[in-house]
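Understanding the architecture of this molecule
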Amino acid sequence: MPTGTGAGGFAVVGLGQACLDLLGRVPRYPSVDEKIEIEELTFQGGGPVATALVALARWALPVVFCGRIGDDEQGRRIHQGLLDEGVDCRGLRFEAGTTSQFAFIAVERDTARRTIFWNRGSARPLSAKEVCGDCAALIAAARVLHLDGLHLEAALAAAEIARNAGVTTVLDGGTLRPGVERLLPLIDHAVVSERFAEALAPENPEAALRQLLAFGCAAATVTHGDAGCLTLEQGDTLFHTPAFAVDAVDTTGCGDVFHGGYIYGLLQDWPLRRTVRFAAAAAALKTRALGGRAAIPSLPELDAFWTMEGG
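Let us look at the structure shown here. Note that residues are indexed from 1 along each chain, following the sequence as it is written. A pLDDT threshold of at least 70 governs which residues receive local features in this predicted model, and a stricter bar of 80 or more applies before side-chain atom pairs are shown or counted, although totals over entire chains, interfaces and linings include all residues. No hydrogens and no water enter the side-chain calculation; it runs on all heavy atoms of the structure.

1. Considering the sheet that holds strand 5 (residues 88-95)
Being paired, for any two strands, means DSSP has found at least two bridges between them. Secondary structure elements are taken from DSSP: a helix is a run of H or I of four residues or more, a strand is a run of E of two residues or more, and numbering for both begins at the N terminus. As summarised here, the arrangement of the nine strands in space is 5-4-1-8-9-10-11-12-13, forming an open sheet in which the pairing is mixed. The sheet terminates laterally at strand 5 and strand 13 (237-241), the two strands that pair on one side only. Between one strand axis and the next, the sheet turns by 15 degrees as a mean value, whatever way the strands run. Here, residues are in contact when the closest pair of their heavy atoms is within 4.5 Å. A fitted line through C-alpha atoms serves as each axis, taken over the contacting stretch for helices, and the angle formed by two N-to-C directions is quoted from 0 to 180°. Sheet contacts for helix 8 (residues 254-267): strand 1 (12-15), strand 8 (144-147), strand 9 (168-173), strand 10 (189-193), strand 11 (219-223) and strand 12 (229-233); angle to strand 9, the most-contacted strand, approximately 165 degrees. Helix 9 (residues 272-286) rests against strand 11, strand 12 and strand 13 of the sheet, and its axis sits at about 25 degrees to strand 13.

Here it is as structure tokens:
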């Protein structure tokens, strides 16, 4: 049984986005007005925080999700998918008469490249007041708070609660959205995409990392897909982690699972180099099947892969 459960029973509280993905694999992406047959079709839950929590739940860690979805069919599928994976949903709210976020993702068979069509849905983000009322005790009793910054006011309130309680905060930074700079001083570990880093410091990921540490992060990582990732921690320790070589079927959810692996390493109190390499291994194995959750590896699979690759 992994270590890392908070005093309140949850190792990780995740607050952010949950959505439903419909994924289809095609031989190639068609031209305008062209028809092409879908070879494989699957519904899977998605969302940066939600999928990271699913990975952690599969690795036997107790986790709870806080967010809001609509009371539509998509919302019911999102909710049931999280429950089926062992994610506690006591912090998940349904909003009557609204829709949930939904995406259709076309994945090319030979390249694993994706084209994403999505709709935000009409359910409102969580408010700061709701977080302080409903989720505060959960956050304060956990070891890690995981955020995607998409419900910004709620994320700020949650991060303040975590900071005051000594709870480690992790940010999944996919896009540098307006207002995120208000959140960064409350983040301990920022793991951001190449797109996020490029917005901070064009063509200079190391400079982006230094900016993130200047906000107060203990460590920051920029992920670059098959080029691996670059990490900087306080004390000026900079290192590159290569990506694992795999025959990728679909990269949907790789970043989400990377975050799950990163948080898992933090909860084991591993050195940061080992934590990042474990996260990279988890993300690599996720690419074996269509969708963000279908191929999340088990711990025995990760252990075998890790050993084979010299982890």
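Back to the write-up after that little detour.
2. What about the sheet that holds strand 6 (residues 102-108)?
Spatial ordering of the open sheet is given by 3-2-6-7, a layout of four strands whose pairing is mixed. Of all strands in the sheet, those with a lone pairing partner are strand 3 (40-46) and strand 7 (114-119), marking the two edges. On average, each strand axis in the sheet is inclined to that of its neighbour by 20 degrees, with strand direction left out of account. Pairing of strand 2 (residues 19-26) with strand 6 involves seven bridges; the strand directions are parallel. Looking at the pairing, valine 26 lines up with glutamate 108 of strand 6. Taken strand by strand, helix 2 (residues 73-84) contacts strand 2, strand 3 and strand 6, and its axis lies near 90 degrees from that of strand 2.

3. Some details on the nonpolar core
Membership of the largest hydrophobic core comes to 51 residues, with the highest contact counts inside it found for Val12, Leu56, Trp59, Phe65, Leu82, Phe258 and Tyr262. Elements with a minimum of two residues in this core: helix 1 (48-58), strand 4 (63-70), helix 2, strand 5, helix 8, helix 9 and helix 10 (299-308). The element best represented in this core is helix 9, accounting for ten residues. Within the second largest apolar cluster, 45 residues are counted, among which are Phe10, Leu138, Ala159 and Ala197. Each nonpolar core is a collection of buried residues, namely Ala, Val, Leu, Ile, Met, Phe, Trp, Tyr and Cys, held together in the definition by side-chain atoms within 4.5 Å. Summary of the burial criterion: residues with accessible area below 20% of their type's maximum are buried, those above 50% are exposed, and those between are partly exposed, where the area comes from a 1.4 Å probe applied to protein chains only.

4. Describing the pattern of salt bridges
By definition, a salt bridge exists where a carboxyl oxygen of Asp or Glu is found within 4 Å of a side-chain nitrogen of Lys or Arg. Taken as a whole, this structure holds 20 salt bridges when the rule is applied. In this structure, arginine 76 and glutamate 73 form a salt bridge, with 3.4 Å as the shortest nitrogen-oxygen distance. Separated by three residues within a single helix, arginine 76 and glutamate 73 lie in helix 2, roughly one turn from each other. Take arginine 76: its relative accessible area is 46%, and that puts it in the partly exposed class. A salt bridge links glutamate 108 to arginine 113, with the nearest nitrogen and oxygen atoms 2.8 Å apart. Several salt bridges share partner residues, and in doing so they unite Arg68, Arg93, Glu95, Arg124, Glu130 and Asp134 into one network.

5. A short note on helix 8
Think of an α-helix as 3.6 residues a turn; residues three or four steps apart then line up on the same face. Here helix 8 spans 20 Å end to end across 14 residues, near enough to the 20 Å set by a 1.5 Å rise per residue. Counted residue by residue, helix 8 has 13 buried out of 14 residues, so it is predominantly covered. Positive phi shows up at aspartate 269, right after helix 8, with a value of about 60 degrees. Helix span, as expected, comes to 1.5 Å for every residue beyond the first.

6. Examining the side chain of arginine 25
Within the secondary structure layout, arginine 25 lies in strand 2. Within the structure, the side chain of arginine 25 is placed 2.8 Å from the side chain of glutamate 40, a separation counted as a polar contact. Those residues in contact with arginine 25 that lie beyond four places of it in its chain are Glu37, Ile38, Glu39, Glu40, Val107, Arg109, Val249 and Leu290. Two N or O atoms count as a polar contact when they lie within 3.5 Å, although within protein this holds only if one can serve as hydrogen donor and the other as acceptor, and sequence-adjacent residues are included solely when both atoms are side-chain atoms.

7. Considerations on the pairing of strand 7
Here strand 6 runs beside strand 7; their pairing, made up of six bridges, is antiparallel. Looking at the pairing, phenylalanine 102 lines up with asparagine 119 of strand 7. Taking the residues between adjacent antiparallel strands as the criterion, strand 6 and strand 7 are bridged by five residues, where alanine 112 takes a positive phi near 65 degrees.

8. Things to note about the packing of helix 8 against helix 9
The interhelical angle for the contact between helix 8 and helix 9, taken along N-to-C directions, is 145 degrees, at an axis separation of 7 Å. Every pair of crossing elements has a handedness; the one defined by helix 8 and helix 9 is right-handed. Between helix 8 and helix 9, the contacting residues are Cys254, Val257, Phe258, Gly261, Tyr262, Tyr264, Gly265 and Leu266 on the first element and Leu272, Thr275, Val276, Phe278, Ala279, Ala280, Ala282, Ala283 and Lys286 on the second. Across the contact of helix 8 with helix 9, the residue classes tally to 13 nonpolar, three polar and one charged. Helix crossings get a hand from a simple test, with the near helix turned counterclockwise from the far one by less than a right angle marking a left-handed crossing and a clockwise turn marking a right-handed one. Following the grouping adopted for this structure description, the nonpolar residues are Ala, Val, Leu, Ile, Met, Phe, Trp, Tyr, Cys and Pro, the charged ones are Asp, Glu, Lys and Arg, and the polar ones are all others, Gly among them.

9. So, the environment of glutamate 85
Tracing the backbone through its elements, the reader meets glutamate 85 in the loop between helix 2 and strand 5. With sequence-adjacent residues up to four places away left out, glutamate 85 is seen in contact with Val54, Ala57 and Arg58. Polar contacts involving the side chain of glutamate 85 include one to the side chain of arginine 58, which spans 2.7 Å.

10. Some thoughts on the packing of helix 9 against helix 10
Across the interface, helix 9 lies against helix 10 with an axial gap of 10 Å and an inter-helix angle of 110 degrees. Relative to helix 10, the element helix 9 is oriented roughly perpendicular. Considering the relative orientation of helix 9 and helix 10, their crossing is right-handed. Listed contacts from helix 10 to Arg274, Arg277, Phe278, Ala281, Ala282 and Leu285 of helix 9 are Leu299, Glu301, Leu302, Phe305 and Trp306. Here the residues of the contact of helix 9 with helix 10 sort into eight nonpolar, no polar and three charged. In this scheme, roughly parallel covers angles under 35 degrees and roughly antiparallel covers those over 145, while 65 to 115 is roughly perpendicular and the rest are oblique.

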